[in-house]
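Close look at the chain arrangement
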Amino acid sequence: MLNHHFSKTTLAVSLSLVVSAAFAVSLADISNKDATSGVKAALEKGATVAVSKLGVENGFLNNEKVKIGLPSVVEKAMPILKMTGQGKKVEELQVSMNHAAESAVALAKPLLLDAVKSMSVTDAKNILTGGDTSVTDFFRQKTATPLGAQFLPVVKNITDKNGLAPQYNAIMGKVGSSGLVSKDETTVEGYVTKRALDGLYTMIGEEEKAIRQDPVGAGSAILGKVFGALK
């Protein structure tokens, strides 16, 4: 009786191991075509989700991970600004900065998807084996400069409507070379553009982490196959 039970148990375990081995896929088993398709799917998903979350009304303001605060110089001057009756104007400036960022990010999807189309097989392999932020790093490397150029006029058009922005730019333009403020804080539009880009890549990174943690749950067979092989 014991031997019979042992045999059934052994058989069950053996079958389980055989089935697992039959369905197990390692990175070495992934073809270049599948690797490229899987990474492209991840890139497209990350870009689409990030833009859809940020490029909407209050997409930045309501997200503490990417909400744009005031430049450090303005933040430090807040007590004085409030005493001189400009506190409300400063608060309005912060709101306009975040709205400017969401308006800019809403335009980012075409450039992000163009970067995906230009991706090589080598890029795909590097992204797969490059760590948890390799998708985000790829986008930053390929799109930061053109997106920055695209964002800047959009941001400026919105922030200039707040009277403090031109005043801030005039003052910072004079002290910018002194080293007292960081380069990206010398203009409101430059500051917001950088923060908008940072926010966009942060949200792409969040989506990348989600895909890597649960490839099957990402809702795509190719994502499950390729990123599941990294588990």
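Computed from a predicted structure; not experimentally measured.

Right, let's get into the environment of Glu 208. For Glu 208, the position within the fold is in helix H9 (residues 188–213). Sequence spacing of Glu 208 and Lys 45 is 163 residues, and the spatial spacing of their C-alpha atoms is 8.7 Å. Apart from residues no more than four positions distant in its own chain, Glu 208 is found in contact with Gly 131, Asp 132, Thr 133, Ser 134, Val 135 and Thr 136.

What follows covers the side chain of Glu 102. By the secondary structure assignment, Glu 102 is in helix H4 (residues 87–105). At 11 Å, Lys 67 is the nearest oppositely charged side chain to Glu 102, a buried residue that forms no salt bridge. In terms of polar contacts, Glu 102 uses its side chain to reach the backbone amide nitrogen of Gly 59, at 3.4 Å. The residues contacting Glu 102, other than those within four sequence positions of it, are Leu 54, Gly 55, Val 56, Glu 57, Asn 58, Gly 59 and Phe 60.

Turning our eyes to something else, we now look at the layout of surface pockets. What the largest pocket holds in volume is close to 260 Å³. Elements supplying a minimum of two residues to the lining of the largest pocket: helix H3 (72–83), H4 and helix H8 (164–175). Top contributing element to the lining of the largest pocket by residue count: H8, with five residues. Looking at the lining of the largest pocket residue by residue, the class counts come to ten nonpolar, two polar and no charged.

Let's shift gears to the nonpolar core. Residues Leu 43, Leu 112, Phe 139, Phe 151, Val 192 and Leu 200 are the most contacted members of the largest nonpolar core, which totals 50 residues. Per element, the largest residue contribution to this core is nine residues, and it comes from H9. With sequence-adjacent residues up to four places away left out, Leu 43 is seen in contact with Val 116, Met 119, Ile 127, Val 135, Phe 138 and Phe 139.

Attention shifts here to the side chain of Thr 143. Topologically, Thr 143 is positioned in helix H7 (residues 134–159). Looking at Thr 143, the relative accessible area reads 1%, which means it is buried. The residues touching Thr 143, leaving out its near neighbours within four places in the chain, are Leu 111, Leu 112, Ala 115, Gly 148 and Tyr 201.

Right, let's get into H3. For H3, the set of buried residues is Val 74, Met 78 and Leu 81. The arc that holds the buried residues of H3, viewed along the axis, is 95 degrees, so those residues lie on one side. Residues of H3 that are exposed and angled more than 90 degrees away from the buried face: Lys 76, Ile 80 and Met 83. Turning to H3, the residues buried within the fold contact H4 and H8. Gly 85 sits one or two residues past H3 and shows a positive phi near 80 degrees.

Here the structure, examined in full by the defined rule, presents eight salt bridges. In this structure, Asp 184 and Arg 195 form a salt bridge, with 2.8 Å as the shortest nitrogen-oxygen distance. Here Arg 195 lies in helix H9 and Asp 184 lies in the loop between H8 and H9, a separation of eleven residues in the sequence. What makes Asp 184 buried here is its relative accessible area of 18%. A relative accessible area of 24% places Arg 195 in the partly exposed class. One continuous salt-bridge network, built from bridges that share partners, spans Lys 65, Glu 206 and Lys 209.

Thresholds, definitions, all that
Residues numbered from 1 in each chain as written. Predicted model: local features only at pLDDT ≥ 70, side-chain atom pairs only at ≥ 80, totals over all residues. Heavy atoms only, no water. Helix = DSSP H or I, 4+ residues; strand = E, 2+ residues; numbered from the N terminus. Contact = heavy atoms within 4.5 Å. Buried < 20%, exposed > 50% of the residue type's maximum accessible area, 1.4 Å probe, protein only. Lys, Arg positive; Asp, Glu negative; His and termini not counted. Salt bridge = Lys/Arg side-chain N within 4 Å of Asp/Glu carboxyl O. Polar contact = N/O pair within 3.5 Å; in protein donor to acceptor, adjacent residues only side chain to side chain. 1 Å grid on protein atoms, 1.4 Å probe; cavity = no way out; pocket = protein on both sides within 12 Å on 5 of 7 lines; lining within 4 Å. Points joined across faces, edges and corners; volume = space filled by probe spheres on them. Nonpolar A, V, L, I, M, F, W, Y, C, P; charged D, E, K, R; others polar. Core = buried A, V, L, I, M, F, W, Y, C linked by side-chain atoms within 4.5 Å. Arc of directions from axis to C-beta.

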